[in-house]
Amino acid sequence: MHIQDSCDPNTLSDFISYCAENYESDHMGLILWDHGGGVTGYGLDSIFNSEMTLADLKQAFDNL
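All figures in this text were calculated on a predicted structure; none of them were measured in a lab. (Residues numbered from 1 in each chain as written. Predicted model: local features only at pLDDT ≥ 70, side-chain atom pairs only at ≥ 80, totals over all residues. Heavy atoms only, no water.)

*Asks:* How do you make sense of the overall build of the protein when you look at a structure like this?
*Replies:* A count of helices and strands for the protein gives two helices and two strands. Moving toward the C terminus, one meets the helices and strands of the protein in the order α-β-β-α. Once the C-alpha set of the protein is aligned to its principal axes, its extents read approximately 35 × 30 × 20 Å. For the protein, the residues scored as buried account for 25% of the 64 residues in total. With an accessible surface of roughly 5200 Å², the protein has 55% of that area assigned to carbon and sulfur atoms. (Helix = DSSP H or I, 4+ residues; strand = E, 2+ residues; numbered from the N terminus. Buried < 20%, exposed > 50% of the residue type's maximum accessible area, 1.4 Å probe, protein only. Areas by Shrake-Rupley, 256 points an atom, 1.4 Å probe, with all protein chains shown as cover.)

*Asks:* Would you mind going over the packing of aromatic side chains with me for this structure?
*Replies:* The description of two aromatic rings rests on the distance between their centres and on the angle between their planes. Summed over all chains, the structure comprises one aromatic pair. Seen in terms of ring centroids, Tyr18 and Tyr23 are 6.4 Å apart; in terms of plane orientation they differ by 65°. Their pairing is edge-to-face. Tyr18 gets classed as partly exposed once you look at its relative accessible area, which sits at 46%. (Phe/Tyr/Trp six-rings, centres within 6.5 Å; stacked < 30°, edge-to-face > 60°.)

*Asks:* Sorry if this is basic, but what is going on with the environment of Ala55 here?
*Replies:* Mapped onto the elements, Ala55 comes out in helix α2 (residues 54–62). Under the relative-accessibility criterion, Ala55 is labelled exposed at 55%.

*Asks:* What is the right way to read the packing of helix α1 (residues 9–22) against α2 from this model?
*Replies:* Axis angle and axis distance: for two packed helices, these are the angle between their axes and the distance between the axes, and together they describe the pair. The N-to-C vectors of α1 and α2 enclose an angle of 40°; their axes lie 8 Å apart at closest approach. Considering only the axes of α1 and α2, their crossing is right-handed. Contacts between α1 and α2 involve Pro9, Asn10, Leu12, Ser13 and Ile16 from the former and Asp56, Leu57, Gln59, Ala60 and Phe61 from the latter. Per-class residue counts for the contact of α1 with α2 are six nonpolar, three polar and one charged. (Axes fitted to C-alpha atoms, helices over the stretch in contact; angles between N-to-C directions. Left-handed = near helix turned anticlockwise from the far one by under 90°. Contact = heavy atoms within 4.5 Å. Nonpolar A, V, L, I, M, F, W, Y, C, P; charged D, E, K, R; others polar.)

The structure is reproduced here in structure tokens:
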């Protein structure tokens, strides 16, 4: 697998979809761990020098 920008909404929605399709469960949860950016967003990808905004998180969840 190639390196992907972890702050790209498509990367997150692809990951969630992959897990849901390959690891069936009656209950699922998603934990996003980081110090966070408060109202500006969440996370930082130092390789791609990007961060995930709240709008990006919404887009990732809307993609599902």
